[in-house]
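Examination of the molecular architecture
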Amino acid sequence: MAQQASVNVNDPGLITLVNKLQDVFATVGVQNPIDLPQIVVVGSQSSGKSSVLENIVGRDFLPRGTGIVTRRPLVLQLVNRPAPARANGAPKEEADMQSSDSAANVDEWGEFLHIPGQKFHDFNKIRDEIVKETDAKTGRNQGISPLSIGLRIYSPNVLTLTLVDLPGITRVPVGDQPKDIERQIKDMILKHITKSNSIILAVTAANTDLANSDGLKMAREVDPEGQRTIGVLTKIDLMDQGTDVVDILAGRIIPLRLGYVPVVNRGQRDIESKKAISAALEHERRFFEEHRAYRNKHAYCGTPYLARKLNMILMMHIKQTLPEIKARISSSLQKYTAELSSLGDSLLGDSANIVLNIITEFCNEYRTVLEGNNQELSSIELSGGARISFVFHELYANGVKAIDPFDYVKDIDIRTYLYNSSGSSPALFVGTTAFELIVKQQIKRLEDPSLKCVSLVYDELVRILTQLLQKQLFRRYPGLKEKFHQVVIAFFKKAMSPTNKLVTDLVAMEACYVNTGHPDFLNGHRAMAIVHDRHNASKPVQVDPKTGKPLPGGRDSPNPQSLESTPEGFFQSFFASKNKKKMAAMEPPPTTLKASGTLSERETIEVEVIKLLIGSYYNIVRRTMIDMVPKAIMLNLVQLTKEEMQRELLENLYKSDELDTLLRESDYTIRRRKECQQMVESLSRASEIVNTVG
């Protein structure tokens with residue numbers, strides 16, 4: 001038929017339009033991204049699907065046999081093509097055309113999409129080609145394949161219609177069929193009928209219980225309200241005498257919005273005896289006209305009515321979905337055009353310029369991400385430089401603040417330090433040596449979290465690198481991506497060594513020299529005063545029993561009795577626990593001499609003074625480290641990589657003998673570019689087709 005310049009939405013040419021769209025996507029060998037309106041035929045193996053389709057076409061052309069005969073989806077496009085006038089001016093009589101199903105007819109033929117331009121006037125050869133093409137993809141082991149066979153039949157005896165015939169539902173594998181054949185078939189059927197633009201033609205044998213219909217059961221899984229399912233009841237003539245399907249047709253059993261159509265097909269004996277479909281259709285017409293249960297409704301029964309109804313349903317469905325199809329084609333075309341553009345041209349041009357541009361772009365993006373000027377800022381999570389800031393001001397700062405200088409150094413240990421630092425003469429004042437020794441030990445504990453901070457920032461730089469290498473450009477050139485990753489990681493590691501040394505030196509500097517002259521440091525006199533005030537405040541006030549007034553110096557006046565009875569000092573507390581007879585014997589001190597007993601008042605005061613001084617100085621160092629370590633990391637790691645990245649990449653990548661190797665495209669890119677080119681081509685043609693609709 002000649003192509004119309006414009007197709008009216010009330011014209012059956014809408015079905016032809018959808019057929020053209022199906023052809024566009026089928027011939028280029030890519031999956032159809034557009035959910036096109038079509039009628040999908042489902043049913044069990046014994047339901048009579050093939051006979052229904054052959055009656056609609058009016059020709060015997062489908063493969064027959066035992067087991068699964070339909071093993072690939074058959075997209076059957078029926079095109080009504082009026083018979084041209086003959087030489088004598090009169091068209092050939094329909095009766096002559098239908099005289100024999102196997103006879104070749106110049107007005108009827110089939111064409112396969114996989115053999116464009118070849119016309120099959122002999123429908124027996126159409127059957128042979130279906131079998132041949134099925135075996136080519138599935139082999140002869142009764143397996144199935146989701147790859148469809150496209151068959152278009154031109155005839156003056158059909159209504160324009162598009163049907164998709166799927167394998168019949170089976171439950172038990174037969175012969176060398178796959179063990180999971182039932183699941184495979186159901187998955188294939190669900191893939192087709194789940195699409196909202198598919199009309200489901202559920203074929204059920206009328207001489208079986210409708211509740212057990214495999215076709216209706218699967219249809220209800222995706223269309224529970226029965227809005228887009230039409231039922232076909234076959235084998236009406238084989239029902240027990242006195243039974244009929246009137247209740248089903250009236251929607252009293254399982255209601256469907258599109259209703260049910262009863263048909264009578266050829267039986268197995270009719271098929272074996274080569275009974276013409278024209279005769280079978282005549283038998284069907286008489287059956288419904290003469291049957292007492294159906295004669296009043298015979299106009300709504302039989303294959304011709306089913307074909308007209310399907311034609312109308314499909315045409316109206318296309319009319320409703322056409323605006324959506326246009327929109328989907330347009331959006332898909334934009335999407336694939338953009339992807340094709342991002343994949344780039346397969347002709348590379350000057351390799352040196354391409355690598356230079358990629359290096360420049362990468363370095364600019366690296367700096368942008370660190371500085372927070374990225375145009376693709378996320379509102380969902382922190383990224384880039386913000387994550388490094390989090391490491392500095394949350395993880396590191398809180399980690400350093402969490403270190404307690406006295407969690408490993410107890411009061412009794414400080415007392416031991418004090419006595420050891422005073423040597424052979426008891427100390428007159430709080431020992432400076434003990435203070436410095438302890439505070440230096442605690443300062444060195446800051447080295448581990450500081451080095452951990454360097455490691456965390458390194459991890460964040462690697463994270464940024466990984467994100468930048470995920471871009472389409474590097475997916476296109478896997479060799480270049482690998483080289484980029486190798487060079488940048490080596491650069492980061494090279495920068496780590498001086499960074500770790502600088503951070504370690506910062507800690508060593510603080511531990512090397514204890515600056516007791518720091519303006520924020522709490523000096524010894526002030527610490528002593530604070531401790532004395534605390535102790536005096538905790539002592540009971542001594543009062544004159546006669547006057548009731550506080551005695552002068554009552555807080556400070558020691559009780560002579562207590563001085564005699566309470567051991568003073570480290571050694572007295574040690575020997576207090578020993579037997580006095582052993583003391584008199586003057587035995588040598590033990591090999592390991594440790595403090596024992598409780599601290600005396602004087603020792604308690606000395607320990608508290610030392611702790612105040614240690615805490616004061618340690619806080620100064622802690623604030624210094626929280627300020628200086630991030631600066632050291634920024635100087636020797638972050639800032640350095642930001643400024644020297646381009647030079648490092650140019651030195652290691654910009655080598656003429658490696659450029660072509662680095663720019664070798666991945667198999668994925670080559671394959672995906674071809675797919676996108678095919679998709680853009682098919683969508684462009686599809687867009688031209690739908691734009692002809694008024």
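The rules behind these values
- Residues numbered from 1 in each chain as written.
- Predicted model: local features only at pLDDT ≥ 70, side-chain atom pairs only at ≥ 80, totals over all residues.
- Heavy atoms only, no water.
- UniProt positions renumbered as here; feature names shortened; annotations may be inferred.
- Helix = DSSP H or I, 4+ residues; strand = E, 2+ residues; numbered from the N terminus.
- Expected span 1.5 Å × (residues − 1).
- Buried < 20%, exposed > 50% of the residue type's maximum accessible area, 1.4 Å probe, protein only.
- Axes fitted to C-alpha atoms, helices over the stretch in contact; angles between N-to-C directions.
- Parallel < 35°, antiparallel > 145°, perpendicular 65-115°, else oblique.
- Left-handed = near helix turned anticlockwise from the far one by under 90°.
- Contact = heavy atoms within 4.5 Å.
- Nonpolar A, V, L, I, M, F, W, Y, C, P; charged D, E, K, R; others polar.
- Pairing = 2+ DSSP bridges.
- Phe/Tyr/Trp six-rings, centres within 6.5 Å; stacked < 30°, edge-to-face > 60°.
- Lys NZ or Arg CZ within 6 Å of the ring centre and 35° of its normal.
- Core = buried A, V, L, I, M, F, W, Y, C linked by side-chain atoms within 4.5 Å.
- pLDDT = per-residue confidence, 0-100.

By the naming in an unreviewed UniProt entry, the chain is Vacuolar protein sorting-associated protein 1, taken from Tuber magnatum. Quoted verbatim from the Sequence similarities (unreviewed entry) field of UniProt, the annotation for the chain is "Belongs to the TRAFAC class dynamin-like GTPase superfamily. Dynamin/Fzo/YdjA family."

1. Some remarks on helix α24 (residues 667–690)
Taking 1.5 Å of rise per residue, 24 residues should cover 34 Å, and α24 covers 34 Å from first to last C-alpha, within 8% of that figure. Inspection of α24 places Thr 669, Arg 672, Arg 673, Cys 676, Met 679, Val 680, Ser 682, Leu 683, Ala 686, Ser 687, Ile 689 and Val 690 among the buried residues, and these make up the whole buried set.

2. Details of the packing of helix α5 (residues 181–193) against helix α6 (residues 214–222)
Helices that pack against each other are described as a pair by the angle of their axes relative to one another and the distance between those axes. Between α5 and α6, the shortest axis-to-axis distance is 10 Å and the interhelical angle comes to 50°. Relative to α6, the element α5 lies oblique. Between α5 and α6 lies a crossing of right-handed hand. The segment α5 lies against α6, with Lys 186, Ile 189, Leu 190 and Ile 193 engaging Met 218, Ala 219, Glu 221 and Val 222. Along the lines of polarity and charge, the residues of the contact of α5 with α6 split into six nonpolar, no polar and two charged.

3. Some remarks on the sheet that holds strand β8 (residues 260–262)
Remark on secondary structure: sheet strands pair via backbone hydrogen bonds, oriented parallel or antiparallel. Taken together, eight strands build an open sheet; the order of strands is β3-β4-β2-β5-β1-β6-β7-β8 and the sheet is mixed. If you trace the sheet from one side to the other, it starts and ends with β3 (109–112) and β8, each paired once. Within the sheet, the average angular offset between the axes of one strand and its neighbour, ignoring direction, is 25°. As defined by bridge partners, strand β7 (residues 229–234) adjoins β8 across three bridges and the pair is classed as parallel. When the bridges of β8 are listed, Gly 231 appears paired with Tyr 260. Relative to the sheet, helix α2 (residues 49–57) contacts β1 (38–42), β2 (74–80), β4 (149–155), β5 (161–165), β6 (198–205) and β7, its axis offset from that of β5 by approximately 160°.

4. Notes on the packing of helix α10 (residues 303–343) against α24
Contact geometry for α10 and α24: axes closest at 9 Å, N-to-C directions at 150°. Taken together, α10 and α24 sit at an angle that is classed as roughly antiparallel. The handedness of the crossing between α10 and α24 is left-handed. Across the contact of α10 with α24, the residue classes tally to 13 nonpolar, six polar and four charged.

5. Quick word on the side chain of Ser 332
With respect to the secondary-structure elements, Ser 332 resides in helix α10. Accessibility expressed as a relative area gives 9% for Ser 332, which makes it buried. Sequence-distant contacts of Ser 332, defined by excluding residues within four places in its chain, comprise Ile 34 and Leu 683.

6. Here's the deal with the pairing of β5
Taken across its five residues, β5 has five buried, putting it largely inside the fold. When β1 meets β5, the two strands line up parallel, connected through three bridges. Within β5, the residue paired with Ile 39 across the bridge is Leu 163.

7. Description of unusual backbone geometry
A positive phi angle, close to 60°, is found at Lys 235, a residue other than glycine. Locating Lys 235 in the fold gives a position in the loop between β7 and α7 (246–249). For Lys 274, which is not glycine, the phi dihedral falls at a positive 60°. Mapping Lys 274 onto the fold places it in the loop between α8 (268–272) and α9 (277–290). Residue classification places Lys 274 among the exposed residues on the basis of a relative accessible area of 70%.

8. A word on α6
If you check which residues of α6 are buried, you get Asp 214, Gly 215, Leu 216, Met 218 and Ala 219. Residues of α6 that are buried sit in contact with β1, α5, β6, β7 and β8.

9. Quick notes on the packing of aromatic side chains
Overall, the coordinates contain 11 aromatic pairs when judged by the stated rule. Ring centres of Phe 287 and Phe 288 lie 5.3 Å apart, and the angle between their planes is 80°; this geometry places the pair in the edge-to-face category. Accessibility expressed as a relative area gives 2% for Phe 288, which makes it buried. For the ring pair Tyr 300 and Tyr 305, a centre distance of 5.6 Å and an interplane angle of 90° mean the geometry is edge-to-face. Each residue in the set Phe 287, Phe 288 and Tyr 294 is aromatic and connected to the rest through ring pairs, giving one cluster. We note Lys 119 situated over the ring of Trp 109; from NZ or CZ to the ring centre the distance is 4.2 Å.

10. Notes on the pairing of β4
Side-chain direction in a regular strand flips from residue to residue, so the side chains alternate between the two faces of the sheet. Counting buried positions along β4 yields seven of seven residues, so the element is predominantly enclosed. The alternating pattern of β4 places Ile 149, Leu 151, Ile 153 and Ser 155 on one face and Gly 150, Arg 152 and Tyr 154 on the opposite face, and all of these are buried. Across seven bridges, the pairing between β2 and β4 is parallel. Across the sheet, Leu 78 pairs through a bridge with Ile 153, a residue of β4. Two elements, β3 and β4, share four bridges in a ladder whose sense is antiparallel. Directly across from Gly 110, in β4, lies its bridge partner Ile 153.

11. Overview of the nonpolar core
In terms of nonpolar packing, the biggest core is built from 68 residues, with Phe 362, Phe 484, Phe 492, Ile 633, Met 645 and Leu 649 touching the most fellow members. When residues of this core are traced back to their parent elements, those giving at least two are α11 (351–371), α12 (385–401), α14 (432–444), α15 (447–468), α17 (478–512), α22 (601–653) and α23 (659–662). Ignoring any residue separated from it by four or fewer positions in sequence, one finds Phe 484 in contact with Ile 358, Ile 359, Phe 362, Leu 469, Phe 474, Leu 649 and Leu 653. Judged by nonpolar contacts, the second largest core, of 60 residues, contains Val 52, Ile 115, Ile 230 and Ile 329.

12. Considering the confidence of the model for the chain
One rule of thumb: low pLDDT means the predicted coordinates there are not for detailed reading. In this model, the chain carries a mean pLDDT of 78, and residues with pLDDT of at least 70 account for 74%. The secondary structure element of the chain with the lowest average pLDDT is helix α19 (residues 560–565), at 40, and the one with the highest is β8, at 93. Under a pLDDT of 50 for its full length, residues 555–568 has, in the predicted model, 15 contacts with residues more than four places off or in other chains.

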